[in-house]
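Fold and geometry: a report
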Amino acid sequence: MTAAPYRCILYVRATPQHVWHALTNADESAVYWDHRNVSTWLPGARWEHRRTDDSGTVDVAGTVEAAERPHRLVTTWAGPDEQRPGGPSRVTFELQGHLDLTRLTVTHDRLADDAERADAEAGWSAVLSNLKTYLESGRPLPQEPWSMP
């Protein structure tokens, strides 16, 4: 049995193009996520979530299922060697601009169980808080929010 999807909606003072760039540019994602999101971002392409410590370690990898710049990005999400019975989970980013704002909706579905959903909620809450702060101030939060107890 899979868990209910995790969904977060936030409003960011930035254009959809700037939010998209922050999500998909390896150097920019490294600033607020401590990982580089690396891909061509074309449908069917592989994407990797690589550590910024120069180890080359990939913690998450998947496939770009859809990319409609700058409004919608869908990727599969799993450990690089993980074989899940139900297949990888999926993350959808939806960006809708209005005047000086972007509404960013992140949905993480196909989660294996409630424990994985809780991990997704904790992780996305931290990353999206850091993303919003970075886009609005030019700097990430002063400490990594995912390292809080």
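This section reports on the structure supplied with the text.

Conventions and cut-offs
Residues numbered from 1 in each chain as written. Predicted model: local features only at pLDDT ≥ 70, side-chain atom pairs only at ≥ 80, totals over all residues. Heavy atoms only, no water. 1 Å grid on protein atoms, 1.4 Å probe; cavity = no way out; pocket = protein on both sides within 12 Å on 5 of 7 lines; lining within 4 Å. Points joined across faces, edges and corners; volume = space filled by probe spheres on them. Helix = DSSP H or I, 4+ residues; strand = E, 2+ residues; numbered from the N terminus. Patch = residues over 30% accessible without salt bridge, like charges linked within 9 Å, V, L, I, M, F, W, Y side chains within 5 Å. Areas by Shrake-Rupley, 256 points an atom, 1.4 Å probe, with all protein chains shown as cover. Salt bridge = Lys/Arg side-chain N within 4 Å of Asp/Glu carboxyl O. Buried < 20%, exposed > 50% of the residue type's maximum accessible area, 1.4 Å probe, protein only.

Now for empty space enclosed by the protein. Here the structure, examined in full by the defined rule, presents 1 cavity of 30 Å³ or more. Considering the residues around the largest cavity, the lining is formed by Leu 23, Trp 33, Asn 37, Trp 41, Trp 47, Leu 73, Thr 75, Trp 77 and Phe 93. With 3 residues, strand E5 (residues 72–77) is the single largest residue contributor to the lining of the largest cavity.

What follows is about a nonpolar patch on the surface. On the surface, Ile 9, Tyr 11 and Leu 101 cluster together into a nonpolar patch covering about 290 Å² of accessible area. Relative to the helices and strands, Leu 101 is located in strand E7 (residues 101–109). Classification of Leu 101 as partly exposed rests on a relative accessible area of 39%.

Below, the discussion takes up the environment of Asp 114. The residue Asp 114 is located in helix H3 (residues 114–137) in this model. With 111 residues separating them along the chain, Asp 114 and Ala 3 place their C-alpha atoms 5.3 Å apart.

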